[in-house]
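Chain residues, written in single-letter form:
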Amino acid sequence: GIQVEQSPPDLILQEGANSTLRCNFSDSVNNLQWFHQNPWGQLINLFYIPSGTKQNGRLSATTVATERYSLLYISSSQTTDSGVYFCAVGRGSGYALNFGKGTSLLVTP
Amino acid sequence: DAGVIQSPRHEVTEMGQEVTLRCKPISGHNSLFWYRQTMMRGLELLIYFNNNVPIDDSGMPEDRFSAKMPNASFSTLKIQPSEPRDSAVYFCASILAGLNEQFFGPGTRLTVL
């Protein structure tokens, strides 16, 4: 399957700081999604972004498909941003997602 | 829309017992996926269905695991007999035909004692 590597594995920020999370993948994909797993274990869809750039409030994401990486930007972090951020990729509709190991983020007051 | 619905949310059982996990995909979605999350292996695919037909079950650990999708709005994942190493969070996800974005249910946290 497609290999997915996320960095950094762990991140501690003070409230208000900005951060960038990276996702590298080993093959061409037609699906790339970023998820936030909250402390209750739920996987929340953040972005569907196989290419290009999207923004949603304080979060934005960019995928450079030709270079096989994606970046998730978190600005002005809040304690509620804490949790694990997963990048997942797939070959398209009807194909499973391959998940990275995640970036564990802790935002302190 | 109610989103993907899974039940139960938590299940505690004893080794050797049968466990059945249930999933209702988003209405109109035609592909359904079962994933398992453990500390050791992370999130991994168990099986997925397109139009109620199992397409890839290579992730199913062994014969103790089975999955069915009798209709477009319901799927089950059964473990018989259960073992402590089956303890994990089991997620169900669904996708609309022709689109790529998967939507996940809240998961079932299974503990086998």
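Just above sits the structure.
Because the structure is a prediction, the values reported are computed rather than measured.

Draft legend 1. Structural view of the nonpolar core. Counting residues in each nonpolar core, the largest one holds 22 residues, and the members touching the most others are A:W34, A:L72 and A:V89. Look past the residues within four positions of A:L72 in its chain and what remains in contact with it is A:S19, A:T20, A:L21, A:W34, A:L46, A:F47, A:S60, A:A61 and A:Y85. In this structure, B:V19, B:W34, B:I47 and B:C92 belong to the second largest nonpolar core, which totals 20 residues.

Draft legend 2. Examining the sheet that holds strand 3 (residues 19-24) of chain B more closely. Residues and elements named next belong to chain B. Spatial ordering of the open sheet is given by 1-3-8-7, a layout of four strands whose pairing is antiparallel. Here the strands that pair on one side only, and so sit at the sheet edges, are strand 1 (5-7) and strand 7 (65-71). Strand-to-strand, the axes of this sheet are offset by a mean angle of 15°, without reference to chain direction. Alignment of strand 1 against strand 3, held across three bridges, turns out to be antiparallel.

Draft legend 3. Layout of the pairing of strand 6 (residues 52-56) of chain A. Residue and element names in this part refer to chain A. With zero of five residues buried, strand 6 lies mostly on the surface of the structure. Relative to strand 7 (residues 59-64), strand 6 runs antiparallel, the two sharing five bridges. Paired with G52 across the bridge in strand 7 is T63.

Reading the values: the criteria
Residues numbered from 1 in each chain as written. Chains lettered and ligands numbered in written order. Predicted model: local features only at pLDDT ≥ 70, side-chain atom pairs only at ≥ 80, totals over all residues. Heavy atoms only, no water. Core = buried A, V, L, I, M, F, W, Y, C linked by side-chain atoms within 4.5 Å. Buried < 20%, exposed > 50% of the residue type's maximum accessible area, 1.4 Å probe, protein only. Contact = heavy atoms within 4.5 Å. Pairing = 2+ DSSP bridges. Helix = DSSP H or I, 4+ residues; strand = E, 2+ residues; numbered from the N terminus. Axes fitted to C-alpha atoms, helices over the stretch in contact; angles between N-to-C directions.

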